[in-house]
Amino acid sequence: MTITRLILGSFLLLVFASIAFPEKTLASSPTLEYMREIRVHKIESPDQSGATQIRVLLPADLDANKSYSVIYVLPVERGTESRYGDGLLEVREHRLHQKYNCIFVAPTFSQLPWYADHPDNQEIRQESYFLKTVIPFVEKSYPVSQKSEDRLLLGFSKSGWGAWSLLLRHPDLFGRAAAWDAPLMMSQMGKYGNGPIFGTQINFDAYRIDKLLRANAESLQGQPRLILTGIGNFSEHHEQAHQLLKELKIPHHYRDQPKRSHDWHSGWVSEAVEFLMKE
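Residues numbered from 1 in each chain as written. Predicted model: local features only at pLDDT ≥ 70, side-chain atom pairs only at ≥ 80, totals over all residues. Heavy atoms only, no water.

(A) Main features of the packing of helix H6 (residues 158-169) against helix H9 (residues 209-216). It is the contact of H6 with H9, at a shortest axis distance of 10 Å, that shows an interaxial angle of 30°. Here H6 lies roughly parallel to H9, going by the angle between them. Like other packed secondary-structure pairs, H6 and H9 cross with a definite hand, here left-handed. Where H6 approaches H9, its residues Trp-161, Trp-164, Ser-165, Leu-168 and Arg-169 are matched on the opposing element by Ile-209, Leu-212, Leu-213 and Asn-216. (Axes fitted to C-alpha atoms, helices over the stretch in contact; angles between N-to-C directions. Helix = DSSP H or I, 4+ residues; strand = E, 2+ residues; numbered from the N terminus. Parallel < 35°, antiparallel > 145°, perpendicular 65-115°, else oblique. Left-handed = near helix turned anticlockwise from the far one by under 90°. Contact = heavy atoms within 4.5 Å.)

So, in structure tokens, the structure goes:
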């Protein structure tokens, strides 16, 4: 056995050993179809306190010579927790990767994800981890487009906030962002476990959606780039965000019905992805 084969064998063993399947899939062994469609990578980053994962859902007959749009399915829980479901499995269940012929990516985070960099703790730099580790890894490893309009963000609740804050803080990096049932109009740090992530009110203010909308209103003219859907736990936030967007004359897609339960599997994902992929 050559050294090359030994190294390759060890790498493959590490990859398959690192696959973590959500509890809902453990009724039987993972199917070959699942393993064929979803690839799991173990990642080490100085911006996170421990090892993380990047799961990638691929369309059938992937063409290495083509550049695919990529939708980042942003988690609402730390690690592989799935109390609110699993966004990537919801996408797979509805075959959205096939319908739109695009790649879906779901990273994990060591701490509760609020998509911000802590001002002092170097191991809680979630924004930097996503921008400097996750995206470069995906774009190096898979045939995805590196055009900003083909990098798309999907989230709800915390990750809906994250999707919008990432686009608003980096409008030249992302094309569209969809938020469903998210606390977009928060003005004070401390709710929903975000205190340890933002660290200070001053740092939190740099990520506030209302401030970012006002600062970016002019650059958000033209085709709608922000998608706001759903009524669940945060209907008041959505109504206020919608009114602010109208006040600032920022084009956007808005749906406030029907009311659904606050999780990945309540029926909202397909509509949000349709808006993200809208021509």
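Resuming the write-up.
(B) Inspection of the packing of aromatic side chains at higher detail. By the definition in use, this model includes 16 aromatic pairs. When the centroid spacing of 5.1 Å and the interplanar angle of 80° are considered together, the rings of Phe-109 and Tyr-129 count as edge-to-face. Here the residue Phe-109 occupies a position in the loop between strand E4 (103-107) and helix H5 (126-141), and Tyr-129 occupies one in helix H5, the gap between them amounting to 20 residues. The exposure classification of Phe-109 matches that of Tyr-129, with both residues buried. What links up through ring pairs into an aromatic cluster is the set Trp-114, Trp-161, Phe-198, Phe-204 and Tyr-207. The residue whose ring lies beneath Arg-169 is Tyr-207, and the NZ or CZ to ring-centre distance is 3.9 Å. (Phe/Tyr/Trp six-rings, centres within 6.5 Å; stacked < 30°, edge-to-face > 60°. Buried < 20%, exposed > 50% of the residue type's maximum accessible area, 1.4 Å probe, protein only. Lys NZ or Arg CZ within 6 Å of the ring centre and 35° of its normal.)

(C) Expanded view of the side chain of His-262. With respect to the helices and strands, His-262 occurs in the loop between strand E8 (252-259) and helix H11 (269-276). Classification of His-262 as buried rests on a relative accessible area of 13%. Engagement of the side chain of His-262 in a polar contact is seen with the side chain of Ser-157, the distance being 3.1 Å. Side-chain polar atoms of His-262 contact the side chain of Asp-181, separated by 2.5 Å. Other than its neighbours up to four places away in sequence, His-262 contacts Tyr-84, Phe-156, Ser-157, Trp-180, Asp-181, Asn-233 and Phe-234. (Polar contact = N/O pair within 3.5 Å; in protein donor to acceptor, adjacent residues only side chain to side chain.)

(D) Representation of the sheet that holds strand E6 (residues 176-180) within the structure. Strand order across the open sheet formed by eight strands is E1-E2-E4-E3-E5-E6-E7-E8, with mixed pairing between neighbours. If you trace the sheet from one side to the other, it starts and ends with strand E1 (38-43) and E8, each paired once. Pairs of neighbouring strands in the sheet enclose a mean axial angle of 15°, with direction left out of account. Where strand E7 (residues 226-231) lies against E8, five bridges are found, and the strand directions are parallel. Bridging across to E8, Ile-231 finds its partner in Lys-259. Across the sheet, H11 touches strand E3 (70-73), E4, strand E5 (151-156), E6, E7 and E8, and the angle it forms with E5 is around 155°. (Pairing = 2+ DSSP bridges.)

(E) Representation of the pattern of salt bridges within the structure. The full count for this structure, using the stated rule, is twelve salt bridges. One salt bridge connects Arg-55 with Asp-86, and the closest N-O pair in it is separated by 3.1 Å. Taken as a pair, Arg-55 in strand E2 (residues 52-57) and Asp-86 in the loop between E3 and helix H3 (87-93) lie far apart in primary sequence, 31 residues in all. Of the two residues examined, Arg-55 and Asp-86, each falls in the buried class. Residue Glu-247 pairs with Arg-214 through a salt bridge whose shortest N-O separation is 3.4 Å. Placement of Glu-247 in helix H10 (residues 235-247) and of Arg-214 in helix H9 is noted, with a sequence separation of 33 residues between them. Given the relative accessible area of 49%, Arg-214 is considered partly exposed. (Salt bridge = Lys/Arg side-chain N within 4 Å of Asp/Glu carboxyl O.)

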